[in-house]
Each structure stands twice: as C-alpha cells, then as structure tokens.
Amino acid sequence: MGIAVNEQQKLFTLTTDSAAYQMKVNAWGILLHQYYGGKTDEEDMGYLAQMWDVSFAGNPYETGRDRTFSLDVQPQEYTSNGVGDYRINSIEVENADGTRGTDLRYVSYRIIPGKYALQGLPAMYGEKEDADTLEIVLKDTATDLEVTLYYSVWEEFDIITRAVKIKNGNQEPVRLEKAASVCLDLPYGDWDMMHFHGRHAMERQMERVPLFHGIQSVGSTRGASSHHHNPFVILCDKEATEDYGNCYGISLVYSGNFEAQIELDQLNQVRAVMGINSQKFAYTLQPGDEFITPEVVMVYSGEGLGAMSRKLHKAYQNHLCRGKYKKQRRPVLLNNWEATYFDFNEEKLLEIAKGAASLGVEMLVMDDGWFGIRNDDNTGLGDWYVNTQKLKGGLEPLVKQVNDLGLKFGIWLEPEMVSEDSDLYRAHPDWAFTMPDRKPNRSRFQLVLDMTREDVRDYLFEKISKVLDSANIEYVKWDMNRSICDLYSADLPKDRQAEIPHRYILGLYDLLEKLTGKYPDVLFEGCSGGGGRFDPGMLYYSPQYWCSDDTDAIERIKIQYGTSFAYPISSVGSHVSAVPNHQTGRLTPFETRGVVAMAGSFGYELDLNKLSDEEKGMVTEQIERFKKYYDVIHYGDYYRLSNPFERDDYAAWEYVSGDKSEALLHGVVLHAKANMVRIHVKLKGLDPDKIYRVNGTDEIHSGKALMHGGILFPRTSGDYQAVEILLTEVS
C-alpha cells in the first residue's frame, strides 16, 4: 500500500515507486505540507520546516506568545483564506454573515482501497489493486463548512491524484468564490515553470520561464480550456533536461475555465494552486449541499522531463481514456473537409470514398455541411436532420454504399452551438446564451446553447441518437467552434448566474456520458476548432482529439511536440493534407506529411483522387507502414530527441516497444544547407545489451552504441525531408 499513517505523530506519507509525499497535522490542527520529491522512508520530514519570527507574518491566536509559527510562511496542504496567509489561497467563501474568512483544521482521516470517483466529473479510474485513496477531513473553526481532501496513490506511475469536496454544514447558505483542486508548496529549490500557450491553429507552444517574485498565472475564461492555454503546467529544476532533473507535472482533468497560479514568496518558497478559474466563478451552497472540484493529476520525475511525460502517457492511456478504442486499433480515416469544405453532395462523397477505398483507407468521415440548410457557416447549426438536397436519399443509403466499398462511415457534429438562422433558434431563442437587452457577440455567426439546461441536453440527446440510429455510423467528430460569452440562463435565478460556466461543463459531460454509454462501439473524436479543448477531461469521453486545424506538417512538429509533454501519442488526431497547405501555403513532401501524421491517429484530409499515381502509391504504402508500426507508435514509449523551439535544422522523435525489441526513429530535416554537416542523434530507451538491425539491412549495432554513440541521418536534398529508421532486435 502506498499510504502510511503514523497516528501518534499524525503523519501521512504517500509513496509511489520513485516518489514520496508527506503531510502532518501540527499541534493546532493545521495540516502542513512537509515533502514531495524522490522516494524516502516514513521519516518525519518536518525537520526541514523554517520556524522563526518573520516580520509582518502574523500568528494564529492559539500559538500564544510563540511567534515562530505563521500561516504566511508555512507550507500547507489546502490553504485557508482571510486568517493570516497572504499568499495565493485554495478556497474563498462568503459566509452567511458576509465575512470571507475560512480557517480549516484537521478532523479525521480514512483509507479506502481503490480509486475515488467524482460524481458528474471525469477522473482517472482503476481496479482496487491499481490505487489506494486517503481522505482527510478539515473543518472551519467558526462555521460548519467541511472540506474533504482526496488523494489517490498510483504507485506504478509515480502519480498522486487529488480532488476536494466542500460541504456546507451550516443552517444558512454560503457562497463559494474559489475552490482550487490542488495546492502544492515547495519550500526549497530553484524552479522554472513550463506552460503551453497558443492560439487557433498554433496550440500548445511550449514556453519555459524562470519564476520571479510574485504571482505567475495561466488560464482560460473562454468557457473551454482553450487554444490559448492548456490546463497543464510543469515545475522543474533550472538544469532539468529530457533525461535529468526534478520535474513536477500538474494536470487538471477539466474542460472549462481554469487557472494555474504559481507564486514565489518572500522566503523564496513556491506555491502552485490549480483549479476552476475564480475570475468567473461563484457557487451557492445551500445547507447540506456539496461541491466537488475537478481532479488534478500530479506526477513526479527525478529523471527529467521525458520520464515525467511517459508516466502521464501510460496513466492517461490506461486509466483515463475509456471504451472500445482505448486499446483497439483505430481505422485510418479520410475526412472530406479540406477536400470539399461545404461544397459536396452524395455523388462527390462516393467518388472520394471509392478513391480512398482503392488505396487502403478504412473510413470516410463526412464533415460539416450535411444537415439543415448548411451551405456555409452562417446557418443551420442546431437543425440535426439530413439536408436532402445534398444527400438525396438521406444517410442510410449513402452509408450503405460507403460500407459496400469496404469503408466505415463517420460524421461531424457541433451540438453545443446554434445558428440564428435555424429552425431550432426560431423555436427556442431562450436556449442560446444572450444577456437581456443586449445584442450577443457573434463568433463564426453562431451562438452557444445553454448546456446547463436539461431540456437542451434532452433535445440534443434525442436528435443525435436519431442520427446515429438512422445508419451504420461508427465515428463522431464532436466540434466546438467558438469561445463562450454573453452568459445568462433563463433557468437560473440572478444570484446563481455566476455558476453558469461550471454548470455548462457539467452539462456537457452529462450529455457525453449518456451518448458514449448508449453507443459504446462508436469512436468519438473531440475537436474545438482543432485543439481548443484538448484536455484530460475530454479524453475521458473521446480517446483521440483533433490536435490542431493547422495541418501543415512543419507547424505540426511544434504543436505535437508541446502536446507530447502531457498527452499520449494515441490521443493526437493527425492527418496528411494537400499542398500548398490550406493554412500556410507551404509545400511539403508527401512522405514528410505522412511521417509527421504518424505521430498520432493518422489519416487523410484531402481528395485522394487528385493525387498523382506516384502519390497514390505512397498513400497505400504509408497506410501499410502505419498499421505495421501501430503498436510501437501508440503503445510504446515516446522519446523527444530534439527541441524544435531551440533548433531549426532538424526535428527527431522516437518510439520504443515495451519489451525494447523494436524502435522507430522519425525525423525531418527542416533546412537544407550547402555542404551540409551530417545530422547525428543519440537514441534513447533501448536495451543496452540487445543488438539491433537497421532498416532490415545487414547494418547492426548494440543498444549501447546507438544510445551513447548515436546514429547518423541519411543524406537528403532539399528542405523538409523525412527520415525513418526502424531498429529491430537481432534474435
């Protein structure tokens, strides 16, 4: 068991394979954080506490004349508010009397075999033998507000998951104004913060910055986790690399407004707090009501950033993603969007399908434009019935003809949105977010449906079910193409309007849970204008997510690099598209587009009938290679061999099978130069004592040689040339 309790000392120690986490209740009932890092025994780490009188750092009343203890400088597990700790806090409550003080003290604990579950929220899951759970109950000294801290220990992955339950035990309502999922205090160390910013078509751009004295924060108030910031941050040693150094990853399993705050205080201590964004949040708790925060996944690595990522990859792949396609090979698909945009009909789709089937593609996905009156992005959203002018016989005959070609069939939906020019909006204008007496902000000429309303969710469930029941549809691309504003729900009283952003996400999760439960054999792929809601919360319902609307292979190298720090390769939606690329105009070799797209789900986003015979042959060959490499790519260990933000001459990444019998090196020579110096990379993750064959030739090398001596890229000519080196164990 990864949980040890010394009841006499009130000391709690959580241990994983390589890490330890410790907290202790002090003499005044305050739950202090004592240690998080490389694995120790159960020794009391409180000897590291800084206990002296710090000016302008007040003392709890119970300490009497002892001025050496202050909430303002002590590391804590879940910080109180308004009672002497002036750093960023974990919780803010407006009490029934109007005060905003919360002073949490220890009450009890219990240990539960297995993993806790969070009602209405996605979270990691497992069998009883996979994790153990510690619950610690705290209570406010002046009210009956109760806070339960949940810790589940995943020893195999060096992961501790955390969540919080806040219960109003008072006789009057209270107003919750902040409810973080995690507070992590690191009293020692010199840290960098890594975060993943971006914009539409350029998501998850890795940025590494030193901490400064004060508060650094990233987050979203857009109603979704957003293109602009991802709910994942890393604290790492300044000298940490892919293979060396202490790294702490903090990942929020949530798809809505979030914030990650990191403060470097007066004593050079670091505090990280993460959870729902408090900027647009308030939640009224009636007597007896409970509020559950989203889950945070904390992962520790003492062996650099690469090991940290691989632990998260395995954990998310095995204990967050669900359903049939969690481990089953997914079909190689062709999406018609960049081939046709809105300009298609049944005949055009069938022609595309015939060409795709002849080259080995396994699924046709019909994107936006098949429903309502939808010939552009101005109309039709919400009217989830077939446009019979485009698909004259409806869905069933089209799907049957596609199936008869040997292809599966998938469909695009954007259920959370509504066009003003739609039958749905004309019938139910109150179902869209608009504030009274104000004109709404349009984005892509669409408004957002009020997912907090049960009648809206019931309508969507009925309409989507009718579509999925009408034909053999085996894939759904679930899109969301705008940020959310103009928040007002006719279903909520005025004093609860601030609950809308969180209630919206709970409503979305409720609908997704019902649909994925009813259609367990359908592959759901998430999308939000590309990767605008690529987060662990959505991976719970869709095991893959469209990584970015930018399909340019060279831009995708950076996007997929940033994505890989938290998310497994199996979760990345990636396609080969046409050139000149529709987003950048760049011309990239067909082979390079294929190699980059293989770092994910792999598929095509173009009309294959327009390719040359040579390129068509390459499609068939790429599909066969991807299927051959599928297991090592999706289930193997992933290694970043270069940083595309630091060098512009090449990019390289590697997959290694679990038994280390096979490795696949992929790379791209980004810029050709005259009299070019050969590119040299050192491989990682191999068995040093195995002998490996290179690309099926007579060339063989030991794992030691390949990892310490490295390997040379073959000579190439021209920019953006792909490199592929397959290493197989010599038996």
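Details of the structure are given in the entry above.
The paragraphs below set out a description of the structure included in this document. (Residues numbered from 1 in each chain as written. Predicted model: local features only at pLDDT ≥ 70, side-chain atom pairs only at ≥ 80, totals over all residues. Heavy atoms only, no water.)

1. Points about the overall build of the protein
When its secondary structure is counted, the protein shows 12 helices and 39 strands. Expected size for 731 residues packed as a compact globule is a radius of gyration near 27 Å; at 27 Å, the protein falls within 12% of this value. Overall size of the protein, expressed as C-alpha extent along the three principal axes, is 85 × 70 × 45 Å. Looking at the protein as a whole, 62% of its 731 residues qualify as buried. Partitioning the intrachain contacts of the protein with sequence separation of at least 6 by distance along the chain shows that 68% fall at a separation of at least 24. Summed over its atoms, the accessible surface of the protein is roughly 27200 Å², and 47% of this surface lies on carbon and sulfur atoms. Each charge class in the protein was averaged separately, 77 positive and 109 negative side chains, and the resulting centres sit 2 Å apart. (Helix = DSSP H or I, 4+ residues; strand = E, 2+ residues; numbered from the N terminus. Rg over C-alpha atoms; globule rule 2.2 N^0.38 Å. Buried < 20%, exposed > 50% of the residue type's maximum accessible area, 1.4 Å probe, protein only. Contact = heavy atoms within 4.5 Å. Areas by Shrake-Rupley, 256 points an atom, 1.4 Å probe, with all protein chains shown as cover. Lys, Arg positive; Asp, Glu negative; His and termini not counted. Charge placed at Lys NZ, Arg CZ, Asp CG, Glu CD.)

2. Examining the sheet that holds strand 3 (residues 19-25)
Within the open sheet, the 4 strands sit side by side as 1-2-3-4. Their pairing is antiparallel. The open sheet is flanked by strand 1 (3-6) and strand 4 (31-38), the only strands paired with a single partner. The mean inter-strand angle of the sheet, taken between neighbouring strand axes irrespective of direction, is 15 degrees. Pairing geometry for strand 2 (residues 11-15) and strand 3, over 5 bridges, is antiparallel. Residue pairing across strands places F12 opposite M23, the latter belonging to strand 3. (Pairing = 2+ DSSP bridges. Axes fitted to C-alpha atoms, helices over the stretch in contact; angles between N-to-C directions.)

3. Concerning the environment of I30
When you line up the elements, I30 lands in the loop between strand 3 and strand 4. Exposure remark for I30: the relative accessible area of 4% places this residue in the buried category. C-alpha of I30 to C-alpha of S80: the two residues are 50 residues apart in sequence and 9.7 Å apart in space. Once residues within four sequence positions are removed from consideration, I30 is found in contact with K24, V25, P60, F69, L71 and R105.

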